[in-house]
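This is what each chain is made of:
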There are 2 protein chains.
Amino acid sequence: MAYQVHGVASSRNCYKVRLALEQLRRSYVWHEVEVDVMNGATRTEAFRQLNPNGKVPVLQIDGHTCLFESDAILFTSPKAPRCCPRTVFRGRVSCNGFFEQYSHEPNIAVARFILQFVKHPDDPRLPEKTTGSYRALDVMETHLATRTYCIGEQYTIADIALYAYTHVADEANLDLGRYPAIRAWRLVRVKAQPRHIEMPGVDV
Amino acid sequence: MAYQVHGVASSRNCYKVRLALEQLRRSYVWHEVEVDVMNGATRTEAFRQLNPNGKVPVLQIDGHTCLFESDAILFTSPKAPRCCPRTVFRGRVSCNGFFEQYSHEPNIAVARFILQFVKHPDDPRLPEKTTGSYRALDVMETHLATRTYCIGEQYTIADIALYAYTHVADEANLDLGRYPAIRAWRLVRVKAQPRHIEMPGVDV
C-alpha cells in the first residue's frame, strides 16, 4: 500500500519527507493540506485525528498508523536502505536530527519566515534568531570540515534533515560566505545524490 | 565498559539520561561538567571534542563515540529492553521525542527558567512561552486521555522525555488543575515505575 503524505507543498519540513521518499523509491500519495501558514498548523478536528499537534507533515502508513514530526518520519521510514542504521550509528544520525529541530530550524527557518513572508525586518525576535542561526552554522561548519557528510562518509537522512533550511539560509540574510565546508556539502555533495529533487516555486 | 555521562546534575535534560540508565540497570560514571547555566552550554575546547554544540548531556560510549541531544541519547540507548522498539513503534516513540524538543521543552523549560532562575517575570518572551506551553499541554492531555502511557499501554522512553519538564510545569506558573489525564500519568503511573528516581535538590 502506498504511503499517504499529508503536507503543504510550500513547507520545507514537508519537503524533507518528499525528498526522502523520492530517494528511497517509495510510492506515496500526496495530500495537500490547507494550513494557516502564519501559525504553521491546521486546527481542524479531522486533521487532528492524524496528528494531535495539528502540524504537517504527517506520514500515514496505514488506516490507523500515522507518524509526524518531520525528522521522526525521516529517521523511522520503514525499508529505508541507509536511513535506519543500527544502534550507535542510528544514534549519531538521531543526534543530528535533534540538533536540527532544537538549535537550527527554530532559528534559521523563523528568521527566514520573518524576513521573507511576514516581511517585518524590525521584528524584535530577529536579532536573537540571527545569533542562534550563526551559532548553529558554526557548529555545522566545524563538523563538516572533517567529514564528507553529516555522519561521515555516508549520505544519510541526517543530511536531508539539515539540508532543508541550510539550503535557503541566505534568505534569512545569513552570510554563507564564511562557511566553505557547508557550501561544498550543500552545493555539491547533497545535490549530487541520485534522485535529488528541489522544491518547486515559493516555499516557507 | 561503563558509560561515561558528562552532565550537570541540576539539568533536567541530563536527568532524563540518568533516569533512563538507572531504569535500564546500565552502569555509568557521571562526570559533572562546569557549565554557564545562563546559556546552557560549555564552551571549552575539551568539551567540544565530545559535543561540537557544547551542550550537556553527552553519553560517551567508548573512546571515540559520543551521543548528544538528550532525546537522541534516550532513543538509541544500546540494549534498552523497551527503548529500541522496531520500525513503526520506534517511529511513534520518536514522534513524541521531537514533539517534546520542538513544542514542549522550548516553552515550558524556558518559561520556568525565566521565572525561577532569571527571576524576571516581565521578560517579553514569557507570554509567548506560556501560550506555547499550554498548547503543548493541551496536546498531551488529549493524547493521554485515551492512553495509559505516551505510546499506549507500554511505558517507554517517550514517557521519560516528556516527564522531565511536565513534572515541574507548575514552576512555570502553569495550572495543571485542568489536565486530569496528565496529572494521573505524571503523579501516579510514571512515578510507580520500577527504579524511578527523582532529581535531588534545586534543578534547572
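Look up a bit, the structure's there.
### A look at the overall build of chain A
If you tally the helices and strands in chain A, you get seven helices and four strands. For chain A, the residues scored as buried account for 58% of the 204 residues in total. Within chain A, contacts between residues at least 6 apart in sequence are counted, and of these 67% link residues at least 24 apart.

### With respect to the pattern of salt bridges
Residue and element names in this part refer to chain A. For the structure on display, the rule yields six salt bridges over all chains. One salt bridge connects arginine 112 with glutamate 171, and the closest N-O pair in it is separated by 2.8 Å. Taken together, the positions of arginine 112 in helix H4 (residues 87-118) and glutamate 171 in the loop between helix H6 (157-166) and helix H7 (180-190) put the pair 59 residues apart, joining distant regions of the chain. With a relative accessible area of 1%, arginine 112 lands in the buried category.

### Side note on the interface of chain B and chain A
Between chain B and chain A, the residue contacts involve 36 residues of the former and 36 residues of the latter. The contact between chain B and chain A buries some 3100 Å² in all, and 68% of this surface belongs to carbon and sulfur atoms. Elements represented by at least two residues in the side of chain B that touches chain A include exactly strand E4 (65-68), helix H3 (70-75), helix H4 (87-118) and helix H5 (126-144) of chain B. When residues in the side of chain B that touches chain A are grouped by element, the largest group, 15 residues, is from H4 of chain B. Looking at the side of chain B that touches chain A residue by residue, the class counts come to 15 nonpolar, ten polar and eleven charged.

### Section: the environment of arginine 178 of chain B
Counting through the fold element by element, arginine 178 of chain B comes out in the loop between helix H6 (157-166) and helix H7 (180-190). For arginine 178 of chain B and glutamine 60 of chain B, which are 118 residues apart along the polypeptide, the C-alpha to C-alpha distance reads 41 Å.

### Let's talk about the relation of the copies chain B and chain A
With an RMSD of 0.0 Å, chain B superimposes on chain A once it is rotated by 180° and translated 0.0 Å along the axis. The two molecules are tied by a two-fold rotation axis, judged by turn and shift. Among all residues of chain B, the minimum C-alpha distance to the rotation axis is found for tyrosine 102 of chain B, at 3.0 Å.

### What about the sheet that holds strand E1 (residues 3-7) of chain A?
Residue and element names in this part refer to chain A. Taking strand neighbours across the sheet as the criterion, the four strands line up as E2-E1-E3-E4 in an open arrangement whose pairing is mixed. Of all strands in the sheet, those bounded by a partner on one side alone are strand E2 (28-32) and strand E4 (65-68). Direction aside, neighbouring strands of the sheet carry axes that sit 25° apart on average. As paired strands, strand E3 (residues 58-62) and E4 are joined by four bridges and run antiparallel to one another. Bridged to valine 58 within E4 is phenylalanine 68. Relative to E2, helix H1 (residues 12-23) is tilted by about 165°, and along the sheet it contacts E1, E2 and E3.

### Re the packing of aromatic side chains
Taken as a whole, this structure holds eight aromatic pairs over all chains when the rule is applied. Stacked on the ring of tryptophan 30 of chain A, the Lys or Arg arginine 18 of chain A has its end atom at 3.9 Å from the ring centre.

### A look at helix H1 (residues 12-23) of chain B
Residues and elements named next belong to chain B. Over its twelve residues, H1 runs 16 Å from end to end, which matches the ideal 16 Å to within 8%, given 1.5 Å per residue. Among the twelve residues of H1, ten are classified as buried, and the element is accordingly described as predominantly covered. Among the residues of H1, the N-terminal cap falls to serine 11, whose side-chain oxygen and the backbone nitrogen of asparagine 13 are separated by 3.2 Å. Of the residues flanking the end of H1, it is arginine 25, one or two places downstream, whose phi is positive at about 60°.

### Focus: the environment of isoleucine 151 of chain A
Tracing the backbone shows isoleucine 151 of chain A in the loop between helix H5 (126-144) and H6. Sequence-wise, isoleucine 151 of chain A and arginine 189 of chain A are 38 residues apart; in three dimensions their C-alpha atoms are separated by 13 Å.

### Overview of unusual backbone geometry
Note the cis peptide between valine 56 of chain A and proline 57 of chain A, where omega equals 0°. One non-glycine residue, glutamate 69 of chain A, adopts positive backbone phi at about 70°. With respect to the helices and strands, glutamate 69 of chain A occurs in the loop between E4 and helix H3 (70-75). You can call glutamate 69 of chain A buried: its relative accessible area is 10%. Backbone geometry places arginine 195 of chain B, a non-glycine residue, at a positive phi of 65°. Tracing the backbone through its elements, the reader meets arginine 195 of chain B in the segment after H7. We classify arginine 195 of chain B as partly exposed; its relative accessible area is 37%.

Thresholds, definitions, all that
- Residues numbered from 1 in each chain as written.
- Chains lettered and ligands numbered in written order.
- Predicted model: local features only at pLDDT ≥ 70, side-chain atom pairs only at ≥ 80, totals over all residues.
- Heavy atoms only, no water.
- Helix = DSSP H or I, 4+ residues; strand = E, 2+ residues; numbered from the N terminus.
- Buried < 20%, exposed > 50% of the residue type's maximum accessible area, 1.4 Å probe, protein only.
- Contact = heavy atoms within 4.5 Å.
- Salt bridge = Lys/Arg side-chain N within 4 Å of Asp/Glu carboxyl O.
- Buried area = accessible area lost by both parts, 1.4 Å probe.
- Nonpolar A, V, L, I, M, F, W, Y, C, P; charged D, E, K, R; others polar.
- Least-squares fit on C-alpha atoms with pLDDT ≥ 70 in both.
- Pairing = 2+ DSSP bridges.
- Axes fitted to C-alpha atoms, helices over the stretch in contact; angles between N-to-C directions.
- Phe/Tyr/Trp six-rings, centres within 6.5 Å; stacked < 30°, edge-to-face > 60°.
- Lys NZ or Arg CZ within 6 Å of the ring centre and 35° of its normal.
- Expected span 1.5 Å × (residues − 1).
- Polar contact = N/O pair within 3.5 Å; in protein donor to acceptor, adjacent residues only side chain to side chain.

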